[in-house]
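# Architecture at a glance
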Amino acid sequence: MNLHASLSYATLAHSPLLWTLAGIIVLVAFYVRAVIGFGSGLISVALLTLIFPIKEVVPVVLLLDLLGSVLLGAYDFREMHWPELRWLIPGSIVGLAIGSYILADTDAQNLTRFLGVFILAYVVYALVMKPDRLPRISLPWGTPLGIFGGVVGSLYGGGGPPMVAYLQMRHLDKRAFRATFQGIALTDNILRGFMYVALALLTWQLAVGFLMLIPPVLLGLWAGNRLHMRINQRTFLLGTLALLTLVGLKYLI
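Just so you know, these numbers come straight off a predicted model, no measurement behind them.

The next point concerns the pattern of salt bridges. The full count for this structure, using the stated rule, is 4 salt bridges. Salt-bridge contacts for Asp76 lead to Arg178; the nearest nitrogen and oxygen are separated by 2.7 Å. In this pair, Asp76 is assigned in the loop between helix H4 (54-75) and helix H5 (82-105) and Arg178 in helix H9 (residues 174-198), connecting sequence segments 102 residues apart. Two residues, Arg170 and Glu84, come together in a salt bridge whose shortest N-O distance is 2.9 Å. Remark: Glu84 occurs in helix H5 and Arg170 occurs in the loop between helix H8 (160-169) and H9; sequence separation between them is 86 residues.

Applying the stated rule across the entire model yields 2 aromatic pairs. Between Phe77 and Trp82, the aromatic rings sit 5.6 Å apart at their centres with planes inclined by 65 degrees, giving edge-to-face as the arrangement. Classification of Phe77 as partly exposed rests on a relative accessible area of 47%. Judged by its relative accessible area of 40%, Trp82 falls in the partly exposed class. Measuring from ring centre to ring centre gives 5.3 Å for Phe177 and Phe236, while their planes differ by 80 degrees; the resulting arrangement is edge-to-face. Of this pair, Phe177 sits in helix H9 while Phe236 sits in helix H12 (residues 233-252); the two residues are 59 residues apart in sequence, bridging distant segments of the chain. Classification of Phe236 by relative accessible area gives buried; the value is 0%.

Our focus in this paragraph is the side chain of His228. Inspection of the secondary structure assignment puts His228 in helix H11 (residues 214-230). Engagement of the side chain of His228 in a polar contact is seen with the backbone oxygen of Val35, the distance being 2.9 Å. Apart from the residues within four sequence positions on either side, His228 is in contact with Ala34, Val35, Lys174, Arg175, Arg178 and Phe236.

So, how was this worked out
- Throughout this description, residue numbers start from 1 for each chain and increase along the sequence as written.
- The model is predicted, so local features are restricted to residues of pLDDT at least 70 and side-chain atom pairs to those at 80 or more, both for listing and for counting; the totals for chains, interfaces and linings are taken over all residues.
- Think of the side-chain values as coming from all heavy atoms in the structure, minus any hydrogens and water.
- In the sections that follow, a salt bridge refers to a side-chain nitrogen of Lys or Arg positioned within 4 Å of a carboxyl oxygen of Asp or Glu.
- Only runs of H or I of at least four residues qualify as helices and only runs of E of at least two qualify as strands under DSSP, and these elements are numbered from the N terminus.
- Only rings of Phe, Tyr and Trp enter the pairing, Trp through its six-membered ring, and a pair is recorded when the two centres are within 6.5 Å. The plane angle decides the type: under 30 degrees is stacked, over 60 is edge-to-face, the rest tilted.
- Think of it in three bands: residues with accessible area under 20% of the maximum for their type are buried, residues over 50% are exposed, and the middle band is partly exposed, with areas taken using a 1.4 Å probe on protein chains only.
- Pairing of N or O atoms within 3.5 Å defines a polar contact, subject to two protein rules: one partner must be a possible hydrogen donor and the other a possible acceptor, and residues neighboring in sequence count only if both atoms are side-chain atoms.
- Note on contacts: a residue pair is in contact if any heavy atoms of the two residues lie within 4.5 Å.

As structure tokens, then:
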């Protein structure tokens, strides 16, 4: 049920119920983000749009994701694998530009279905091969998969799946995976932030509304990080595939 409420400060400050509902959603989303390394945007947007308009949800979630990327990236900074980022980031920037042109001239729904099929095909392949026995790909694969991820990010607000596949097949351990993903996510967040400001999608009212949702972000990251440090590598890999499965199904429906 979409209540068409506003995600602005004025609404959240005067409606404890709406603030609580939004806070619970954000807390769960960033708990998952800290455990697995990605997924907060997908979860937040999917659930918050049941209550708030999508044109308000997407810019606010962008700010929340930006905060999550900065905090997790700073926490895991020493674990980042810079060689992967040097190939992923330029490709991602190119992909974001290409995606904006595709969106203007193509039926995005058909592209969404293609992406869903791609993600589910990768999940099946990874499960058949066993997550910890996937073939190791070379660094240059980061450019085409970065471009693919950038296109996806431009069209759907998050280019995680192709980059998750790349980092998995680079065989990074769970901490390095999470850290490196934050580097590419931060780049994506900053670029899309400028786009939203230029398009007047990000207003002061929404920016202040974002400030009210910082506490659940911090709590979710703290709790999720505790679990991340305890799970083993195989559980981590299976968790990423489970979340990718949900993403793929969402794009197909």
